[in-house]
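One letter stands for each residue in the lines below.
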Amino acid sequence: MDKQRKKQSSKSKLHSNKNTVNESVVAAVTDKILSHQVRSQVRALVAEILSVVFITPVNPKEEWDQYVIIQNLLKKIQLLEAPLKENLRLNKCKRLMKINEFYKWSRDNGIKYDGVIIKEYPGYDLGLAATKSIKRNDLLFTIPHKLIMSEERIERGGKLFKLSNLRLAFLLMTEALNPESFWKPYIDLLPDCYNTVLYYGIEEMAQLRGSNCLSAALKQCRLIARCYATIYHWPNSDLPFDVFKEYFHYDLYRWAVSTVMTRENLIPRTKQDTEDELIAALIPFWDMANHRHGHITSYFNMETCQMESTAQDDFNEGEQIFIHYGDRSNAELLIHNGFINSVNPKDSIAIKLGLSQSDPLYEKRSQLLQLLNIPKNGELKVLPAPEHISPELLAFVRVFNMNEEQLQHWICSERATDLLHIDCALETSLESKTWQYLQTRLMLLLRVFPTTLEADETQLAGVKCGKLQMAQIPVMILEYRILEKRILAAALDYAKQRTKA
């Protein structure tokens, strides 16, 4: 790592001494401020949010009701904070009109690329295009450390959050509000909104009801609302510059968090003053590439202190260049990246299972699960064909249905891990109970959905042939529901076959 990396430009006046702020810079970013009356109204609504977000819901209904309360409060806040949105210099004109400034900034600061340009693609917004024939493993570009935005650039306010990606979002906000930011050419090229769950309305989120990803989506929204309210009430002395709160607003924070969620990568830390060896970072140019399943081809070179990315496939001139973001389920992609992959080989459905402490055999079941490295309370996966049932899910259900004698046998056995295998030799009665339990559970999961798979497929067909008109987010949610239901339905058919066997 570059231990002698340059400090942030001295032109960043917003990071001046906390007792003085350059008046011209403040004027440049605070054309619109809120009146004392409006500010008081926002403060009261933020207080209401804080009274809600630290309450942990005990069931799905409470979780949904809490989400609705939070969203209604945020909607009121957004209306009051609307003038502050005009302070941002984001996308005042079409993003591609800023591309030449970005190219110049990139080259001037050491980014090297050959045969790669940024281009607009229908359905993808911006992406990377090949301007010549590129072979697998060819070097696409290198990005020096000084252009990478990470939490290590934070001068003040870094103690607000424990998570590296939230600290990075905090830094991005301060740079977006700074008209003299070193990263301005990069920030000007970023989208001004996203398709993450933070941008869903209540009606759109309701379309995920029945889905196993709904709870995770609601938790994500609650976390970001809590972070927004926390920053709002944080002492001024710990914030990056004195007037930060004058133009900090929820839409700014939602945008910054979504930017980080959809574009972050992990790089090694240069300052070894914490236990975290890897930290979240935004990497200009690299993050313009869209995802296609494959393998990781981007690495941070410790010797040259730069990010290096090679081609994961052959690309012909004019083709879009894709990179692999990592193995993620469609639920993870939907919540954190704002898209799904209809042919995702790493897709899965996480279902919650757990032991009851009132079970007389609780201790023995817990002991056997521990031997198998399976949590006694957690999420286990239903998989696409041909696997259908993950080894951990199968083993958990087997343990869950064992009697005391069977539990003792497997606890003492040297072959306990055989329980993870589909063809493990078990008593017929136990195997029958196992597959009957899975059949019942999968059937219940499908029944929770307010619509059937057939109805969803008919609706999507209508959208694709132009008979029905739907916005982008509802269509994405519809496609996601179909993919989830197909996995569950196929697993149910498989469980039925195993029950008959």
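In this text, all values refer to a predicted model and were calculated from it rather than measured experimentally.

*Asks:* Sorry if this is basic, but what is going on with the overall build of the protein here?
*Replies:* Counting its regular elements, the protein contains 17 helices and 13 strands. Each of the 501 residues in the protein was classed as buried or not, and the buried ones make up 52%. The contacts of the protein with a sequence gap of at least 6 include a subset with a gap of at least 24, amounting to 73%. Working note: accessible area of the protein is about 24300 Å², and carbon and sulfur atoms make up 51% of it.

*Asks:* For this particular structure, what's the right way to read the environment of Tyr194?
*Replies:* Mapped onto the elements of the fold, Tyr194 is located in the loop between helix H6 (184–187) and helix H7 (202–206). According to the relative accessible area criterion, Tyr194 is buried, its value standing at 9%. When near neighbours in sequence (up to four residues on either side) are disregarded, Tyr194 contacts Tyr199, Trp255, Ser258, Thr259, Thr262 and Arg263. A polar side-chain atom of Tyr194 sits 2.8 Å from a polar atom in the side chain of Thr259.

*Asks:* Looking at this structure, how should I read the sheet that holds strand S11 (residues 320–323)?
*Replies:* Spatially, four strands are ordered S2-S3-S11-S8 in an open sheet, and the strand pairing comes out mixed. Edge positions in the open sheet fall to strand S2 (116–121) and strand S8 (290–291), since each of these has one partner strand only. Where S2 and strand S3 (residues 125–130) come together, six bridges link them in antiparallel fashion. Among the inter-strand pairings, Lys119 is bridged to a residue of S3, identified as Gly127.

*Asks:* When you look at helix H10 (residues 250–263) in this model, what are you seeing that I'm missing?
*Replies:* Side chains three or four residues apart in an α-helix point the same way, a direct result of the helix having 3.6 residues per turn. Relative to the 20 Å expected for 14 residues at 1.5 Å per residue, H10 spans 20 Å between its end C-alpha atoms, a close match to the ideal helical length. Along H10, 14 of the 14 residues are buried, which leaves the element largely enclosed by surrounding structure.

*Asks:* When you look at the confidence of the model for the protein in this model, what are you seeing that I'm missing?
*Replies:* Close inspection of predicted coordinates is inappropriate for parts of the model with low pLDDT. The pLDDT averaged across the protein works out to 87; a share of 88% of its residues lies at or above 70. When the criterion is pLDDT under 50, residues 1–30 qualifies, and its contacts beyond four places in sequence or with other chains add up to 59 contacts.

*Asks:* Help me out: how do you make sense of the sheet that holds strand S1 (residues 112–113) in this one?
*Replies:* The strands making up a sheet are joined through hydrogen bonds of the backbone, oriented either antiparallel or parallel. As summarised here, the arrangement of the four strands in space is S1-S4-S10-S9, forming an open sheet in which the pairing is antiparallel. Of all strands in the sheet, those with a lone pairing partner are S1 and strand S9 (298–301), marking the two edges.

*Asks:* Where do I start with the packing of helix H12 (residues 362–371) against helix H14 (residues 404–412) in this structure?
*Replies:* When two helices pack together, their arrangement is captured by the angle between the axes and the distance separating the axes. It is at 10 Å that the axes of H12 and H14 come closest, and there the two elements cross at 30°. Our classification of the angle between H12 and H14 gives roughly parallel. Crossing of H12 over H14 shows left-handed handedness. Between H12 and H14, the residues in contact are Lys364, Arg365, Gln367, Leu368 and Leu371 and Glu404, Leu407, Gln408, Trp410 and Ile411, respectively. By residue class, the composition of the contact of H12 with H14 is five nonpolar, two polar and three charged.

*Asks:* So what exactly am I meant to see when it comes to the packing of helix H8 (residues 214–232) against H10 here?
*Replies:* For the pair H8 and H10, the least separation of the axes is 10 Å and the interaxial angle reads 130°. Taken together, the axes of H8 and H10 lie oblique to each other. Seen along the crossing, H8 lies across H10 with a hand that is right-handed. Residues Gln220, Ile224, Cys227, Tyr228 and Ile231 of H8 form the contact with H10, whose participating residues are Tyr250, Tyr253, Val257 and Met261.

*Asks:* Would you mind going over the packing of aromatic side chains with me for this structure?
*Replies:* Aromatic ring pairs: the centre-centre distance and the angle between the two ring planes describe each pair. This model, assessed by the stated rule, comprises 20 aromatic pairs. On the numbers, 5.9 Å between centres and 40° between planes, the contact of Phe102 with Trp105 is tilted. Taken together, the residues span about one helical turn, with Phe102 and Trp105 both in helix H4 (residues 99–108) at a distance of three residues. Trp105 shares its class with Phe102; the two are buried. With a centroid separation of 6.0 Å and an interplanar angle of 50°, the aromatic rings of Tyr228 and Tyr232 are classed as tilted. Here Tyr228 pairs with Tyr232, and both are found in helix H8, just four residues apart, close to one helical turn. With respect to burial, Tyr228 and Tyr232 carry one shared label: buried.

*Asks:* Sorry, what's going on with unusual backbone geometry here?
*Replies:* For residues that are not glycine, phi is negative in most cases, and the peptide bond is trans in most cases. Following Ala385, the chain continues to Pro386 via a peptide bond in cis, the omega torsion being 10°. Counting through the fold element by element, Pro386 comes out in the loop between strand S13 (377–382) and helix H13 (391–400). Positive phi outside glycine occurs at Asp125, with the angle close to 70°. By relative accessible area, Asp125 is classed as partly exposed at 38%. At Phe285, a position not held by glycine, the phi torsion is positive, near 80°. Here Phe285 lies in the loop between strand S7 (278–282) and S8. Exposure remark for Phe285: the relative accessible area of 0% places this residue in the buried category.

Basis of the calculations
Residues numbered from 1 in each chain as written. Predicted model: local features only at pLDDT ≥ 70, side-chain atom pairs only at ≥ 80, totals over all residues. Heavy atoms only, no water. Helix = DSSP H or I, 4+ residues; strand = E, 2+ residues; numbered from the N terminus. Buried < 20%, exposed > 50% of the residue type's maximum accessible area, 1.4 Å probe, protein only. Contact = heavy atoms within 4.5 Å. Areas by Shrake-Rupley, 256 points an atom, 1.4 Å probe, with all protein chains shown as cover. Polar contact = N/O pair within 3.5 Å; in protein donor to acceptor, adjacent residues only side chain to side chain. Pairing = 2+ DSSP bridges. Expected span 1.5 Å × (residues − 1). pLDDT = per-residue confidence, 0-100. Axes fitted to C-alpha atoms, helices over the stretch in contact; angles between N-to-C directions. Parallel < 35°, antiparallel > 145°, perpendicular 65-115°, else oblique. Left-handed = near helix turned anticlockwise from the far one by under 90°. Nonpolar A, V, L, I, M, F, W, Y, C, P; charged D, E, K, R; others polar. Phe/Tyr/Trp six-rings, centres within 6.5 Å; stacked < 30°, edge-to-face > 60°.

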